[in-house]
Amino acid sequence: MLRGIDVSAYQSATYDTDGLSFVFIKATEGRSYVNPRLSAQTAHAREAGLVTGFYHFLWPGNLTAQAEYFVKHAPEKAGDILAVDWERTGDGTHATNAEKDSFIRKVKALRPNNRVILYANRDFWLNVDTTSYAGDGLWIADYVTAAKPRIKAKWRFHQYTSDPIDKDVADFADKTALKKWATSA
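A brief report on the enclosed structure follows. (Residues numbered from 1 in each chain as written. Predicted model: local features only at pLDDT ≥ 70, side-chain atom pairs only at ≥ 80, totals over all residues. Heavy atoms only, no water.)

1. Some thoughts on the overall build of the chain
Where we set the bar: The helix count covers DSSP runs of H or I at least four residues long, the strand count covers runs of E at least two residues long, and both are numbered beginning at the N terminus. Within these notes, the globule rule equals 2.2 Å times the number of residues to the 0.38 power, and the radius of gyration is based on C-alpha atoms. Under the scheme applied here, a residue whose accessible area is under 20% of the maximum for its type counts as buried, over 50% as exposed, and between as partly exposed, the area being computed with a 1.4 Å probe on protein chains only. We call two residues in contact when some of their heavy atoms are within 4.5 Å. With residues, only the protein chains shown are counted as cover, and all accessible areas are computed by Shrake-Rupley using a 1.4 Å probe. In this charge count, Lys and Arg are treated as positive and Asp and Glu as negative; neither His nor the chain ends contribute. Note that the charge is assigned to NZ on lysines, CZ on arginines, CG on aspartates and CD on glutamates.
The helix and strand inventory of the chain stands at five helices and nine strands. The C-alpha atoms of the chain give a radius of gyration of 15 Å, which matches the 16 Å a tight globule of 185 residues would have. Summarising its shape, the C-alpha atoms of the chain cover approximately 40 × 35 × 30 Å along the three principal directions. The buried share among the 185 residues of the chain stands at 51%. Residue pairs at least 24 apart in sequence account for 60% of intrachain contacts in the chain once pairs closer than 6 positions are excluded. Approximately 8,400 Å² of the chain is accessible, and the part contributed by carbon and sulfur atoms is 48%. Across the chain, the centroid of the 24 positively charged side chains sits 5 Å from that of the 22 negatively charged ones.

2. Things to note about the layout of surface pockets
Empty space left among the atoms is revealed by rolling a probe the size of a water molecule over them. This is how the line gets drawn: Both site types are read off a 1 Å grid over the protein atoms alone. A 1.4 Å probe that fits but cannot get out defines a cavity, while an open set with protein on both sides within 12 Å along at least five of seven lines defines a pocket; lining residues have an atom within 4 Å of a point. Grid points are joined across faces, edges and corners, and a volume is the space filled by probe spheres set on the points. Each residue gets one of three labels, nonpolar for Ala, Val, Leu, Ile, Met, Phe, Trp, Tyr, Cys and Pro, charged for Asp, Glu, Lys and Arg, and polar for the others, Gly among them.
Roughly 260 Å³ of volume is contained in the largest pocket. In terms of lining, the largest pocket is formed by 16 residues, of which the most central are Asp-6, Tyr-55, Asp-85, Glu-87 and Asp-166. Its residues placed into classes, the lining of the largest pocket shows seven nonpolar, three polar and six charged. Taken as a whole, the second largest pocket encloses approximately 150 Å³ of empty space. What lines the second largest pocket is Arg-46, Gly-49, Leu-50, Val-51, Thr-52, Lys-77, Ala-78, Gly-79, Asp-80, Lys-179, Ala-182 and Thr-183. Looking at the lining of the second largest pocket, the elements that each hand over two or more residues are strand E4 (51–57) and helix H5 (175–183). The leading source of residues in the lining of the second largest pocket is H5, at three residues. Across the lining of the second largest pocket, the residue classes break down as four nonpolar, four polar and four charged.

3. Considering the environment of Phe-124
Structurally, Phe-124 can be placed in helix H4 (residues 122–128). The residues touching Phe-124, leaving out its near neighbours within four places in the chain, are Trp-86, Glu-87, Arg-88, His-94 and Asp-129.

4. Quick look at unusual backbone geometry
Omega for the peptide link from Asp-163 to Pro-164 comes to 0°, which places this bond in the cis form. Here Pro-164 is to be found in the loop between strand E8 (157–161) and strand E9 (166–170). Here the phi dihedral of Asn-62 falls at roughly 50°; this positive angle occurs in a residue that is not glycine. With respect to the helices and strands, Asn-62 occurs in the loop between E4 and helix H2 (63–73). In the Ramachandran plot, Ala-147 falls in the positive-phi region, its phi being about 70° despite a non-glycine side chain. Mapped onto the elements of the fold, Ala-147 is located in the loop between strand E7 (138–141) and E8. With relative accessibility at 22%, the residue Ala-147 sits in the partly exposed group.

5. As for the side chain of Gln-11
Let me state the cut-off plainly: Counted as a polar contact is a pair of N or O atoms within 3.5 Å, where, for protein atoms, one must be capable of donating a hydrogen and the other of accepting one, and residues adjacent in sequence contribute only when both atoms are in side chains.
Within the secondary structure, Gln-11 sits in the loop between strand E1 (2–7) and strand E2 (22–29). Looking at Gln-11, its side chain comes within polar contact range of the main-chain nitrogen of Ser-8, at 2.7 Å. Not counting the four nearest positions on each side in its chain, Gln-11 is found in contact with Asp-6, Arg-37, Gln-41 and Ile-165.

6. Thoughts on the packing of aromatic side chains
Heads up, the condition is: Aromatic rings from Phe, Tyr and Trp, taking only the six-membered ring of Trp, are treated as a pair when their centres fall within 6.5 Å; an angle between ring planes under 30 degrees marks them as stacked, one over 60 as edge-to-face, and anything in between as tilted. Criterion for a charge above a ring: Lys NZ or Arg CZ within 6 Å of the ring centre, and within 35 degrees of the ring normal.
According to the stated counting rule, one finds 11 aromatic pairs in the structure shown. Look at Phe-70 and Phe-103: their rings are 6.2 Å apart centre to centre, the planes differ by 25°, and that puts the pair in the stacked class. One end of the pair, Phe-70, is in helix H2; the other, Phe-103, is in helix H3 (residues 97–110), and 33 residues separate them in sequence. The same class applies to Phe-70 and to Phe-103, which are both buried. Put simply, the rings of Phe-22, Phe-24, Tyr-55, Tyr-119, Trp-139, Phe-157, Phe-172 and Trp-181 pair up and form one aromatic cluster. Positioned above the aromatic ring of Trp-86, the side-chain terminus of Lys-100 is 5.0 Å from the ring centre. Cation over ring: Arg-105 sits above Tyr-133, and NZ or CZ is 4.1 Å from the ring centre.

This is the structure in structure tokens:
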């Protein structure tokens with residue numbers, strides 16, 4: 001399994017990249033938030049030679065506007081992976097299944113040369129999701145042994161802990177295989 005992390009404005013722009021093959025960086029949320037460390041965190045990932053992904057924290061409503069906002073702010077480079085972070089918002093709401101699916105499809109239409117995946121925690125995947133639509137792949141959060149999420153669906157990435165940071169593994173034979181998958185959107 002390949003090792004990676006995901007970062008947001010809560011982490012340093014010079015996070016530790018030792019032993020990592022990939023990183024996901026929070027880019028945007030809703031229609032008004034951009035990670036203030038996005039540029040610096042992206043430059044750090046690229047300098048380290050990591051496969052780089054960007055995610056958008058999805059809010060209910062205005063899916064087209066959110067998708068356009070995300071692709072406007074997420075760096076655009078062949079081989080980058082785009083992800084929708086689908087979970088409860090701070091006020092306890094969440095985008096519907098139809099909104100989640102629509103957002104993924106809209107981002108894919110706006111960025112047809114990038115892989116677009118779904119990030120969801122195990123509870124959402126098992127108890128909220130009704131469509132099983134994850135775009136080009138599923139990134140599942142389940143805080144158990146790395147690479148052993150408690151789901152039956154095929155997954156590409158597994159976030160297995162948030163202590164001390166969000167750590168992930170990817171289900172690819174090696175970094176070359178991950179790069180090939182990411183660039184063959």
